[in-house]
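# Per-entry structural report
The residues making up each chain are set out below.
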Amino acid sequence: MLTVVAFVVALAVLIAVHEYGHYRVAVACGVKVLRFSLGFGRPLLRWKKKGADTEFVISAIPLGGYVRMLDEREAPVAAHERHLAFNVQPLRARAAIVAAGPLANLLLAVLLYACVNWVGVREPAAIVGTPPAASLLAQASLQGGEEIVSMGFPDAEPEAVRSLDDLRWFVAQAALGGKDVVLSARPGAGAAVRSYRLPLSSIDAREADAKLVDKIGLTHPWTDAVLGDFEAGSAAAQSALRKGDKVLSIDGQRVGDGGELRRMIRASGEQGVPALQDWLVSRNGAQLHVPVQLAQSEDKGSKIGRLGAFIGAPPAMVDVRYGPWEGLARGAQKTWEVSALTVKMMAKMVIGQASLQNISGPLTIAEYAGKSAEVGLTQYLAFLALISVSLGVLNLLPLPVLDGGHLMYYLWEAVTGKPPTLQWMERLQKGGIAVLLLMMCIAFFNDLSRLLG
């Protein structure tokens, strides 16, 4: 239920802000607005302020909205109202009205990110978990447990790292840009800071998909490999393991942290029923050897080992909060960075340098809306900001059925002195619809693949 509510609220807020941008600028430019609608189809609720021209409507299909203006191309306009029609406005006014919707979404993102910065969010400290052997962190000689204190490009001034999420965002952008990163890290408490070069330029741009963070090795924060509650009848409950045991090694192979322990347990089921293992654990200051027979289960079509216990102590956390001006400035910076990253990813997908699996549809958005709402208000606001940026950037694409397509027409008109012919506009409209339908099909297929796979 929370997922549905969070998704509906997200849609309502983002669509309302987008359409209000069109509406507000249209009114400011002297255009008569006939209807402001949230949703399409049959009106469920409608009202009109006394003496106002605009009818406000909430419609049955909540996947969008529209602002209907007085326009001679859609219906006859009385001579005394012709100056209020959209189509007779100067080019700069028409362009401003069309651009106002996407820009309203981008401004909303700035405000939402600023709110997150002002309220503050509790995030995992920038202490990296034990990286997988094939990851870039492992190639850079990081073993897990290092506290990252700064990050930067080899030829630039480094910047301080506030949290693990801060580090992930910087590294993901660098990877998409094909740039190596230098990390300054403290291997342990009181240890001297060392530099590690992360070879992100070795990542093929086509590998920049949803699993990019896994390939880099920033999969999880550092947590002690401590056992928590056991499931009744599980392999853990049937062994001599105890809640609170810290796992040091399995069959002589060192266990770095909780994340690595989970990987080792899962991997044990790949070759069939897991064999009896020798676990070395620390309990009440003593080290004990405990024989453990893992169970086997199936996950997304693969055989995995299963212990049936909660693994990993809570990671170290930090509070990340900014002052009024810095929070607003960082909100604007984050909006710009996310916008640029979105455009870059779209361009790479068009030329085949990035996977189309990065396209998400409403099912994935609804899932993440629910998950972020469960975590807390600041996470939900950050989710809204991300989707608002995506909506703003998407609508600025030069596709005829989108706001960016209309801006493309106006650019042509500004250069040539006359608008495109109706014949060309009809052809471009059909092409734009075909591209959008293709994108929607890909997004829906990706959604189903994530949910069923």
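Everything numeric here is computed off the predicted structure, so don't read it as measured data. (Residues numbered from 1 in each chain as written. Predicted model: local features only at pLDDT ≥ 70, side-chain atom pairs only at ≥ 80, totals over all residues. Heavy atoms only, no water.)

### Topic: the overall build of the chain
- Broken down by element type, the chain carries 12 helices and 16 strands.
- Considered along the principal axes of its C-alpha atoms, the chain spans approximately 95 × 50 × 40 Å.
- For the chain, buried positions account for 42% of its 453 residues.
- When contacts within the chain are restricted to residue pairs at least 6 apart in sequence, those whose partners lie at least 24 apart make up 62%. (Helix = DSSP H or I, 4+ residues; strand = E, 2+ residues; numbered from the N terminus. Buried < 20%, exposed > 50% of the residue type's maximum accessible area, 1.4 Å probe, protein only. Contact = heavy atoms within 4.5 Å.)

### A short note on the packing of helix 1 (residues 2-28) against helix 10 (residues 377-395)
- Interaxial distance between helix 1 and helix 10 falls to 10 Å at its minimum, and their mutual angle equals 45°. Taken together, the axes of helix 1 and helix 10 are oblique relative to one another. Viewed along their axes, helix 1 and helix 10 form a crossing whose handedness is right-handed. Counting all contacts with helix 1, which are made through A6, V9, A10, L14 and H18, the residues of helix 10 involved are Y380, F383, L384, I387, S388, L391 and N395.
- Of the residues belonging to the contact of helix 1 with helix 10, the class tally is 9 nonpolar, 3 polar and no charged. (Axes fitted to C-alpha atoms, helices over the stretch in contact; angles between N-to-C directions. Parallel < 35°, antiparallel > 145°, perpendicular 65-115°, else oblique. Left-handed = near helix turned anticlockwise from the far one by under 90°. Nonpolar A, V, L, I, M, F, W, Y, C, P; charged D, E, K, R; others polar.)

### Digging into the UniProt feature "transmembrane region" (unreviewed entry) in the chain
- The UniProt record marks residues 95-116, 380-402 and 431-448 with the feature "transmembrane region" (unreviewed entry), using the residue numbering of this structure.
- End C-alpha to end C-alpha, residues 95-116 measures 32 Å, and it is 100% helix and 0% strand.
- As annotated, residues 380-402 comprises 70% helix and 0% strand, and the C-alpha atoms at either end are separated by 27 Å. (UniProt positions renumbered as here; feature names shortened; annotations may be inferred.)

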